[in-house]
Amino acid sequence: MRSPFSPEPPYTHGQAGRTAVLLCNLGTPDEATAPAVRRYLAQFLGDHRVVEIARLLWLPILHGIILRVRPAKSAAKYASIWTPEGSPLAVWTARQAALLADGLGEAGHQVLVRHAMRYGNPSISSQLDALKAEGATRILILPLYPQYSGTTTASVFDAVYAWAARTRNVPELRFVNRYHDDPGYIDALARTVESHWAAHGTPDQLVMSFHGVPERTLHLGDPYHCEARKTGRLLGERLGLRADQYRITFQSRFGKAKWLEPYTQPTIEALGQAGTRRVDVVCPGFTSDCLETLEEINEEVREAFLHSGGQEFHYIPCLNDNRQWIGALSRLAQQHLAGWPTEAPSAAALAEARRHALAGGAPAGACPMGHGKAKAVDQG
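Rules behind the numbers
Residues numbered from 1 in each chain as written. Predicted model: local features only at pLDDT ≥ 70, side-chain atom pairs only at ≥ 80, totals over all residues. Heavy atoms only, no water. Helix = DSSP H or I, 4+ residues; strand = E, 2+ residues; numbered from the N terminus. Rg over C-alpha atoms; globule rule 2.2 N^0.38 Å. Buried < 20%, exposed > 50% of the residue type's maximum accessible area, 1.4 Å probe, protein only. Contact = heavy atoms within 4.5 Å. Lys, Arg positive; Asp, Glu negative; His and termini not counted. Charge placed at Lys NZ, Arg CZ, Asp CG, Glu CD. Axes fitted to C-alpha atoms, helices over the stretch in contact; angles between N-to-C directions. Parallel < 35°, antiparallel > 145°, perpendicular 65-115°, else oblique. Nonpolar A, V, L, I, M, F, W, Y, C, P; charged D, E, K, R; others polar. Salt bridge = Lys/Arg side-chain N within 4 Å of Asp/Glu carboxyl O. Polar contact = N/O pair within 3.5 Å; in protein donor to acceptor, adjacent residues only side chain to side chain. Left-handed = near helix turned anticlockwise from the far one by under 90°. Phe/Tyr/Trp six-rings, centres within 6.5 Å; stacked < 30°, edge-to-face > 60°.

(A) Looking closely at the overall build of the protein chain. For the protein chain, the count of helices and strands is twelve helices and ten strands. The C-alpha radius of gyration computed for the protein chain amounts to 23 Å, which stays within 12% of the reference 21 Å derived for 380 residues, consistent with globular compactness. Dimensions of the protein chain along its principal axes, counting C-alpha atoms only, are 80 × 50 × 40 Å. Classification of the 380 residues of the protein chain by burial places 49% in the buried group. Contacts spanning at least 24 positions in sequence make up 79% of the contacts within the protein chain whose residues lie at least 6 apart. If you average the places of the 39 positive and of the 37 negative side-chain charges in the protein chain, the two averages end up 6 Å apart.

Next up, the structure:
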């Protein structure tokens, strides 16, 4: 009879259990082409966390209309921001994971660090499989979404739970839900803005643009709106701005339903029409530059502001590989890793554990735990 669980990786008695961190971001197409975008959008817009419409109604619309029309248009937008290394979001996320591993190592924590995408590659399930194969028995799931939302954070958790449901020997799991008001995160944002202003001067108005979600989710109990506004307020206070010197807005609307307001582009157009000379835009909810920041904000919204009478538009890049941000991310990970062993194990202790296992009848080589007729022995 076929097992409902995935095969376990080979295990050698005396092998140390490792602690790991999995950074999770939204995702991106593999290429800036219509077929690649179609695959990505099918997964993204097919997630019931993202589109809360009855499947019988939504899926015919998604596959019969949207996925026939939208991929080519979106592919052209992706092509406008694609780099020689690939998608900016993929590049920055991989870079953040590598730098986080370095930062944790410098702090004395010998942990595995990988990154994954909720939609696209590398998938959450494939990276969890890889961590298990590397001996991870404790995994911290750290989404790169500072503000919690059912549409983003919870969807990452869904993917982890789905993987766990197919796994026989499930590692210890911890989840970071939010860090929208973390002092290190707020300080990193502020320093990014201050660095831009030191080089380019200050604007007449700072706009903090967050990704939008349907307003309905707020009334159903999603905390995203409140957490985004708190991030904006704390950033404004940290920058020493008066309440009339900045705006908090929401971008990236999809469909005809009402989304969180005020909307970013109409707000910035109104500023231009009112005679505001210079506007700077920062996107605190995005930790990596991506289509929504580089194309939507720095191209579409920029053009809308200048056509509405504005004179000067500045987009302030995301945190990306900012040193203060990586430091804040490292401290955040360490807080949530507390209590788990993160130092290199003693070679003597591992050798002693292996000796006991072999004396109890364990096979001398690696064995696939959970498969075949491996003899149960003392693993201590």
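(B) Main features of the packing of helix α2 (residues 55-81) against helix α10 (residues 291-307). Running from N to C, α2 and α10 point in directions that differ by 90°, and their axes come no closer than 9 Å. As summarised for this structure, α2 and α10 are arranged roughly perpendicular, according to the angle between their axes. Touching K77, Y78, S80 and I81 of α2 are L291, L294, E295, E299 and E300, all from α10. For the contact of α2 with α10, the class distribution of residues is four nonpolar, one polar and four charged.

(C) Looking closely at the side chain of D289. Within the element layout of this structure, D289 appears in the loop between β8 (278-282) and α10. Lacking a salt bridge, the buried D289 has R302 as its closest oppositely charged neighbour, with an N-O distance of 11 Å. Looking at D289, its side chain comes within polar contact range of the side chain of T293, at 2.8 Å.

(D) Representation of the packing of helix α9 (residues 264-273) against α10 within the structure. Axis separation between α9 and α10 bottoms out at 8 Å; the angle between their running directions is 35°. Between α9 and α10 the crossing geometry is right-handed. Two secondary-structure elements touch here, α9 through T264, Q265, I268, E269, L271 and G272 and α10 through I297, E300, V301, A304 and F305. When grouped by side-chain class, the residues that make up the contact of α9 with α10 number six nonpolar, three polar and two charged.

(E) Spatial organisation of the side chain of S155. Within the secondary structure, S155 sits in helix α5 (residues 153-165). Aside from chain neighbours lying at most four places away, what touches S155 is D47, R49, R118, Y119 and G150.

(F) The arrangement of the packing of aromatic side chains in detail. Enumeration according to the criterion identifies ten aromatic pairs in this entry. The interplanar angle of 90° and the centroid separation of 6.0 Å between the aromatic rings of Y179 and Y185 together place this pair among those described as edge-to-face. Owing to a relative accessible area of 0%, Y185 belongs among the buried residues under this scheme. A network of ring pairs unites the aromatic residues Y40, F44 and Y119 as a single cluster.

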